[in-house]
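Geometric and topological summary
The chain contents come next:
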There are 2 protein chains.
Amino acid sequence: MSFDVIGKATPKRDGLDKVTGRTQYLHDLTLPRMAHGAILRTEVPHARIVRIDTAAAERLPGVIGVITADRVEQRPFGYAKDHLALKGGPGNRKVRCIRDEIAAVAAETEDIAQEAVALIEVEYEELPAVFDPASALRPGAPLVHEEMGTNLVSLRYQFSHGDVEAGFARAAAVVEGTYRLNYVTTACLGTMASIASWGADGSLTMWTTTQVPFLYQRDLAEALGIGGDRVRVIQPPVGGSFGRGLDLYPIDIIAALLARHVRRPVKIAFERVEEFIASPTREPCVIHLRSAADASGRLLARDARVVIDNGAYVSWGSTTPYVMLSTTAGLYRCPAVRFDTTIVYTNNPYSGSMRGYGNLESTFAIEAQMDDLAERLGLDRLEIRRRNATRTGDVNPQGNVITSCAMTECLDTAEREIARAAAAPARPGWKRGVGFAAMFHVAGGARVYRSDGCGAILRLDDFGKASLLTGASEIGQGSETVLAMIVAEELGIPLERVEVINSDTSVKPWDVGAHASRTTFIAGNAALQAARSLKRRLLALAAEVMDEKAEDLELVSGRVRVQGRPERSLPYERVVRAGHFRPGGQALVAEAFYDPPNEMLSKDLRGNVSAAYGFAAQAALVEVSEETGEVRVLKIVSAHDVGRALNPMAAEGQIHGGIHMGLGYALSEELVIREGRVLNPQFMEYALFPAPDMPEIDVRLIETVDESGPFGAKGLGESGVIPLSAAIANAVKDAIGLRFTELPITPQRVHAALVAARSTERTPR
Amino acid sequence: MSFDVIGKATPKRDGLDKVTGRTQYLHDLTLPRMAHGAILRTEVPHARIVRIDTAAAERLPGVIGVITADRVEQRPFGYAKDHLALKGGPGNRKVRCIRDEIAAVAAETEDIAQEAVALIEVEYEELPAVFDPASALRPGAPLVHEEMGTNLVSLRYQFSHGDVEAGFARAAAVVEGTYRLNYVTTACLGTMASIASWGADGSLTMWTTTQVPFLYQRDLAEALGIGGDRVRVIQPPVGGSFGRGLDLYPIDIIAALLARHVRRPVKIAFERVEEFIASPTREPCVIHLRSAADASGRLLARDARVVIDNGAYVSWGSTTPYVMLSTTAGLYRCPAVRFDTTIVYTNNPYSGSMRGYGNLESTFAIEAQMDDLAERLGLDRLEIRRRNATRTGDVNPQGNVITSCAMTECLDTAEREIARAAAAPARPGWKRGVGFAAMFHVAGGARVYRSDGCGAILRLDDFGKASLLTGASEIGQGSETVLAMIVAEELGIPLERVEVINSDTSVKPWDVGAHASRTTFIAGNAALQAARSLKRRLLALAAEVMDEKAEDLELVSGRVRVQGRPERSLPYERVVRAGHFRPGGQALVAEAFYDPPNEMLSKDLRGNVSAAYGFAAQAALVEVSEETGEVRVLKIVSAHDVGRALNPMAAEGQIHGGIHMGLGYALSEELVIREGRVLNPQFMEYALFPAPDMPEIDVRLIETVDESGPFGAKGLGESGVIPLSAAIANAVKDAIGLRFTELPITPQRVHAALVAARSTERTPR
């Protein structure tokens, strides 16, 4: 199969406008008569609100209006409907975490709004609080939500497959460990922002950083007590998303409530400290995992227990065990699997979804144990992985059907390519190590909602411009570019003649949203189907115009031509015009809705949740300073089964970005939360992985050409980040012989461990 | 046929936002980094430009860039491609009328831009000029476009049908007259404005006051030398249009050139004086008309010669004879018709299209002669009209096929209703008179372009919201409302669940634009077809869901129900969701393109240019002061064959607005242009018809239910304004016995005529 557009490295189409400063982000937008909003948050993580005095704020010149829970009508929202946007009102007199919103001001400028917020007086009656799951589950512990009578969140993920006990009983080796994963945050350069504007007819238009506009439309309407048909959602370009936009947040509801209150459009945009405090984090958790293998290294059983610090409210982040289970049951063949969770309310900030959510955490635990099992059994670390590798045709314990799989090739590639770099000796005072980790993830959608579909409408105009109205959301991941490529390839027209329209729920067809690495696969299939349908109509029209049979015609490089007689050809836009400019003229429009052949998990968490699955393997070469504990990453090899790389440049870019994010997770980033407060809410203190420290990256794209993917493609948006911290931890172990079970692996932690290890060596037990 | 939505008086859906100040007009919009543009125009109507010095302007702080014809690349544009946006450059060193653009400035604020414009020095070599067609056609007259070798515009409209000479030869009465129609302007409250923004990839987005976005897209691209596929056109709400938005204008091209020059978005908005000087006018003309009738009053022949002062450039306004001919040949049955034009370049401002263009002018002449013929023959003025009235089934001299016609009923209604009011005696010192005029106009599209079609895409979402993506342009005429009504009626869902999307050429399907009263008919039919198609899909889906046969189902008042068993029913949005939220889910989208069964006129100006034709008759009751010459209009009866009144409130509103505009044309408005200069470019001096002087208006909507119209509707957007000035002139004649052949009929003119008439009476010849 040869392609004109697909498979060619293609710069992202929004790139030029972004680097030349032309892009109009949500932050850049203003509306006529727009007011600026700011939010007052609690000063203490757990308290009863006795009194709110907004009088001084209201007197400040330039203030248009102030709202509190007592002045607005609001309804519970969130994954478990346990959350009200403004706290302190009837039936909800409490604040439960440091993020909690108490009042909001609309003013003529942002500065005035902030000044007014500072003038609001709140009297708190502080309450004893719980800041970790263990304390929260102790009898008599303070309750985050008294009305629930417990701090246990009602979500529980329990799964069992095969005879786990028998597996452990007959194992040649069993490893067991407890893995602690901390808070990190997306740290998007574009903070969360929202503009709300009400029409006189009670309709609401929202400009937002959401990445699931149709779910947002429904959820926001519910929170406001209006019909979903009253809400229109506009998604301007965003400066990062990474899962942050999967939930509905108080900022959105408050912007809408403020706008309704002051009868003007209202914009709220987080400043940086607020973004660190109030935007969602990755879910912190503790994974207790046991793995068993026979003497040949074949896995016999796994048993995982996960405890999650849920924070004060349930969000999509609370559902990460969904994915943790998938990894536990699906990363490598494993005949017996048990999985259970304890999800606990605390007075900490609540989490949200974040790129690869759940999977980074469980991969970190599982891949540590693959190394540890190999060590126990005296096996090569790659050999044990190859012996357990998933293969095409497998059906795993959850019932995931593996239609294409290059896991073994990914492992081989990672091994081969890192070997060359690893051969050189370490610098003096540094120890060199290599680590490996593989990855298993959904790559053909993920039916976590009742529909996993996406619609596409495709128009071809008189200038030969194809406008694709897609449900997909561009969140910087390059979806516009790859969808345009799919359309251009299928139609046989130049890429620059395809335009992608994707930012308005009143215009674009339904889509569940940008999550689970699903856009290329799902929206790509929808676009492809629409393009096929449009092409049929175009060729039928060309047959009339050219007096040929439609089946003899093809559309290649922008010309409709008779197969085998390329001299009989017409530019395709002339065919469009011939169809348009005649009596009974027509316009070429086609539409499609693609809903993948996957299924929601059953109550016992079984089902083929994705139409295809992705695999990858990473190798990390590190050096660890024996003196300071510093970990330097020299090289990452990242081999990915992508089905087909539709846009290799974008695929590599996604993986590069994932590796950067993974390096931060592994080595430097932690949102430090103590006693419910965020201690490092600034870029000076929150250590994103520094660009100058980025290692050499060698990305290998392995094409398995999945039968269900558009041109064979599978999703890969999250696969770069998922195994990285596991590979790094394994490389550190390889270098200095120490197993780190908590992230990030900072110089302090390494240094302390090195010191402790030396003292153990000196002190025989 | 009974309706739930159609035929109910329904407020315009954009009305509430407009009256509460929420509407975001183009003037309200700003873009990030947007610069403000201003245009320098010539000081003299005809000159060679010797030198342009922009140095002082460029030095002004806050100025970003200045362009002149020498600094930009531009291409001829306009109906005859005789126009460059910026004058004074290579090959075009001349200014030809007082509107002509010489330079433009982009600055940080509008004030700075205006200040900078005033700092540009231009040295002119003044040229002798021509300000009326007669002078322009004299041998040796100065040429407006030297390269053409003549001031005669190459457009000429010649038509001949039947034996005209024989008609005049055997006539019992012949009347002859010369009718002078002056400049008036649309005087939109929202002035012309344009925002241009270039993408880094060379694509251009324009926010504009156009009413023909797809023609604008093509024409602007040509003027800028880029592909039409590079131009995206956005149409924010406008404060009036009335045909003004039918041409491409220098403002649009200059905004784009400036934005390209300064690499920032640029906005240009006319201030009021500029709007009077530089926005298009109604085409001034002189009509010489002869009409012949037999003794019974039956028309035998008409012969019209029209001379048009074209101004400096050819525009759509230059094509008004197209419509003048249609009236001459089609308003009343007339077996022999001759028509010819002389269109002449002058150094006056050029015209554009304006509501009812061509038709007001010729109707004024023809209806004067209907009265005059009746007088000569001693017939009743209505009787002569009834005897010549067009009837259903007629095919007129141009070949227009009259599929529905209530002209006689319109005349009868006007006569009956005015009679009651007219019975009262005039006040002392005033003479009372009644005048009648009828109207003939296209009402089912008008194929003046190769396609007269419009597309529609209709989506139905999970909330039961139907989004109609229509090609139609909302220019304040109420198209959003009536299209939503059509969709709601056909689908059987509540009106407020239908949303209309219509302002972005990258989203909406093709449409030729808002002109010729075509939107309800053409876009309405497209919306109706899409709704029918969607309903079929919805009922097919409901058949599955409800386990019934699709043909047994109906969708009524928002419920799908089994015919005859209304208890077996489901809300339609539940059917949508059932189709969506299931394996292999689908989304409901339908599309249609409606191109009416009409034809372009042949070279000899014959053809059935519209799929339906509209008719109306108006009666005016006036009092004329014998002392001051003032004409007071007491009552207008306006009876219209509208096919079917889909939204009677909007239909009446259109007619009310047309009557107001017609009263201004008849009695008060004139854009006074002398020696090529506009002498009254302000509302203080340009006399819009005052609201307090508005007469009682009695609108009667007569429903003929045209077979091709959506639910039987025909267009009526222009029909209120067309016959009004003729009816007023006839009423004045009835009151004081004097025939006015020039508009407006001001107190000065009436007074002068009264004085002259008295002196004639006193002085026997």
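Treat the numbers as computed from the prediction; the structure is a model and nothing was measured.

Cut-off values and rules
Residues numbered from 1 in each chain as written. Chains lettered and ligands numbered in written order. Predicted model: local features only at pLDDT ≥ 70, side-chain atom pairs only at ≥ 80, totals over all residues. Helix = DSSP H or I, 4+ residues; strand = E, 2+ residues; numbered from the N terminus. Rg over C-alpha atoms; globule rule 2.2 N^0.38 Å. Buried ≥ 20, exposed ≤ 12 C-beta atoms within 10 Å, placed from the backbone. Contact = placed C-beta atoms within 7 Å. Domains from an automatic or database assignment. Nonpolar A, V, L, I, M, F, W, Y, C, P; charged D, E, K, R; others polar. Expected span 1.5 Å × (residues − 1). Axes fitted to C-alpha atoms, helices over the stretch in contact; angles between N-to-C directions. Parallel < 35°, antiparallel > 145°, perpendicular 65-115°, else oblique. Left-handed = near helix turned anticlockwise from the far one by under 90°. Least-squares fit on C-alpha atoms with pLDDT ≥ 70 in both. Pairing = 2+ DSSP bridges. pLDDT = per-residue confidence, 0-100.

Let us now look at the overall build of chain A. A tally of regular secondary structure across chain A gives 18 helices and 28 strands. Relative to a compact globule of 765 residues, whose C-alpha radius of gyration would be 27 Å, chain A shows 27 Å and is just as compact. The buried share among the 765 residues of chain A stands at 61%. For chain A, restricting intrachain contacts to residue pairs at least 6 apart in sequence, the fraction spanning at least 24 positions comes to 80%.

Once that is clear, we can look at the domain arrangement of chain A. Often, the extent of an interface is quoted as the loss of accessible area on bringing the components together. All names here are of chain A. Domain annotation for chain A reports domain 1 (15-21 + 453-594), domain 2 (31-127 + 191-238 + 244-278) and domain 3 (285-446 + 601-761). Distance between the C-alpha centres of domain 2 and domain 3: 37 Å. On the domain 3 side, the residues contacting the 18 residues of domain 2 number 20 residues. Its residues placed into classes, the side of domain 2 that touches domain 3 shows nine nonpolar, three polar and six charged.

For the rest of this paragraph, the subject is helix α6 (residues 213-224) of chain B. Three or four residues apart is the spacing at which side chains of an α-helix point the same way, because the helix has 3.6 residues per turn. Residues and elements named next belong to chain B. An ideal rise of 1.5 Å per residue puts 16 Å on 12 residues; α6 measures up with 16 Å between its terminal C-alpha atoms. Counting buried positions over the 12 residues of α6 gives nine, a clear majority of the element. Turning to α6, its buried residues number three or more, namely Pro213, Phe214, Leu215, Tyr216, Gln217, Asp219, Leu220, Ala223 and Leu224.

All names here are of chain A. Remark: helix α13 (residues 479-491) packs on helix α14 (residues 519-546), axes separated minimally by 9 Å, with the N-to-C direction vectors making an angle of 30 degrees. Accordingly, the angle class assigned to the pair α13 and α14 is roughly parallel. Viewed along their axes, α13 and α14 form a crossing whose handedness is right-handed. Residues Ser479, Val482, Leu483, Ile486, Val487, Glu490 and Leu491 of α13 lie in contact with α14, whose contacting residues are Thr519, Thr520, Ala523, Gly524, Ala527, Leu528, Ala531, Arg532, Leu534 and Lys535.

Between the two chain copies there is a screw-like relation: a rotation about an axis and a shift along it. At an RMSD of 0.1 Å, chain B and chain A line up after a rotation of 180 degrees and a shift of 0.0 Å along the axis. In symmetry terms, the pair is related by a two-fold rotation axis. In this assembly the copies share their binding face: 100% of the residues contributing to the interface of chain B also contribute to that of chain A.

This next bit is on helix α7 (residues 250-262) of chain A. All names here are of chain A. Counted at 1.5 Å a residue, the expected span for α7 with its 13 residues is 18 Å, and the 18 Å between its end C-alpha atoms agrees. With 12 of 13 residues buried, α7 is to be regarded as a mostly interior element. Residues of α7 that are buried: Pro250, Ile251, Asp252, Ile253, Ile254, Ala255, Ala256, Leu257, Leu258, Ala259, Arg260 and Val262. Following α7 by one or two positions, Arg263 has its phi on the positive side, about 55 degrees.

Residue and element names in this part refer to chain B. Strand order in the open sheet formed by five strands is β7-β15-β14-β13-β8, and the pairing between neighbours is mixed. Among the strands making up the open sheet, the edge pair consists of β7 (159-161) and β8 (173-181). Each strand of the sheet is rotated relative to its neighbour by a mean of 10 degrees, with strand direction disregarded. With nine bridges joining them, strand β13 (residues 285-293) and strand β14 (residues 299-311) adopt antiparallel strand pairing.

All names here are of chain A. On the basis of which strands lie adjacent, the open sheet formed by three strands has the order β4-β2-β6 and antiparallel pairing. The strands lining the two open edges of the sheet, one partner per strand, are β4 (94-95) and β6 (121-126). Summarising the sheet, strand β2 (residues 47-53) and β4 pair through two bridges and their orientation is antiparallel. Residue pairing in the sheet places Ala47 in a bridge with Val95 of β4.

Taken together, the contact between chain B and chain A spans 44 residues of the former and 44 residues of the latter. Of all the secondary structure elements, the ones that give two or more residues to the side of chain B that touches chain A are α1 (15-19), β17 (454-460), β18 (466-470), β19 (498-501) and β23 (588-594) of chain B. Of the residues that constitute the side of chain B that touches chain A, the class distribution is 15 nonpolar, 16 polar and 13 charged.

Quick look at the packing of helix α10 (residues 359-377) of chain B against helix α11 (residues 381-388) of chain B now. Residues and elements named next belong to chain B. Packing of α10 against α11 leaves a shortest axis separation of 9 Å and a crossing angle of 110 degrees. Regarding the angle of α10 to α11, the classification is roughly perpendicular. With respect to the hand of their crossing, α10 and α11 are arranged in right-handed fashion. Where α10 approaches α11, its residues Met370, Asp371, Leu373 and Ala374 are matched on the opposing element by Arg381, Ile384 and Arg385. Considered class by class, the residues forming the contact of α10 with α11 number four nonpolar, no polar and three charged.

With an omega of -5 degrees, the peptide bond running from Leu743 of chain A to Pro744 of chain A counts as cis. By secondary structure assignment, the location of Pro744 of chain A is in the loop between α17 (724-736) and α18 (747-762). Here the phi dihedral of Phe242 of chain A falls at roughly 55 degrees; this positive angle occurs in a residue that is not glycine. Following the sequence through the fold, Phe242 of chain A ends up in the loop between β11 (231-234) and α7. Phi at Arg263 of chain B takes a positive value of approximately 55 degrees, unusual for a residue other than glycine. Within the secondary structure, Arg263 of chain B sits in the loop between α7 (250-262) and β12 (266-269). Judged by the 17 C-beta atoms lying within 10 Å of it, Arg263 of chain B is partly exposed.

Another aspect to go through is the environment of Gly88 of chain A. Within the fold, Gly88 of chain A resides in the loop between β3 (63-68) and β4. If we skip the residues at most four places from it in the chain, Gly88 of chain A touches Ile49, Ile52, Thr68, Ala69, Arg93 and Ile102 of chain A.

Let us now look at the pairing of strand β17 (residues 454-460) of chain A. All names here are of chain A. Of all the seven residues making up β17, seven are buried; the element is thus mostly covered by neighbouring parts of the structure. Residue alternation in β17 divides its side chains into two sets, Cys454, Ala456, Leu458 and Leu460 and Gly455, Ile457 and Arg459, and both sets are buried. Judged from the five bridges that link them, β17 and strand β18 (residues 466-470) form a sheet pairing that is antiparallel. Across the sheet, Arg459 pairs through a bridge with Ser467, a residue of β18. The turn linking β17 back onto β18 is made up of five residues, and Gly464 within it adopts a positive phi angle of 80 degrees.

Next up on the list: the confidence of the model for chain A. Summing up the model confidence of chain A, the mean pLDDT is 96 and the portion of residues at 70 or higher is 100%. Model confidence for the complex: the whole-complex pTM is 0.96, and ipTM, which rates the interface, is 0.94.

A word on the environment of Asn680 of chain A. Residues and elements named next belong to chain A. Along the chain, Asn680 turns up in the loop between β27 (677-678) and β28 (696-702). Along the primary structure Asn680 and Glu670 are separated by 10 residues, whereas in three dimensions their C-alpha atoms are 8.7 Å apart. Ignoring anything within four residues of it in the chain, the contact list for Asn680 reads Leu671, Val672, Glu685 and Tyr686.

The subject of this paragraph is the pairing of strand β22 (residues 565-571) of chain B. In the case of a regular strand, side chains alternate between the two sheet surfaces. All names here are of chain B. In terms of strand pairing, strand β21 (residues 559-562) meets β22 through four bridges, oriented antiparallel. Within β22, the position partnered with Val560 by the bridge is Leu570. Here β21 folds back onto β22 in antiparallel fashion, the turn holding two residues, of which Gly564 has a positive phi close to 85 degrees.

To continue, consider the environment of Ile673 of chain A. Residue and element names in this part refer to chain A. Positionally, Ile673 belongs in strand β26 (residues 673-674). Residue Ile673 is classed as buried on the basis of its C-beta count, with 24 C-beta atoms lying within 10 Å. The spacing of Ile673 and Glu490 is 183 residues in sequence and 51 Å in space, taken between C-alpha atoms.

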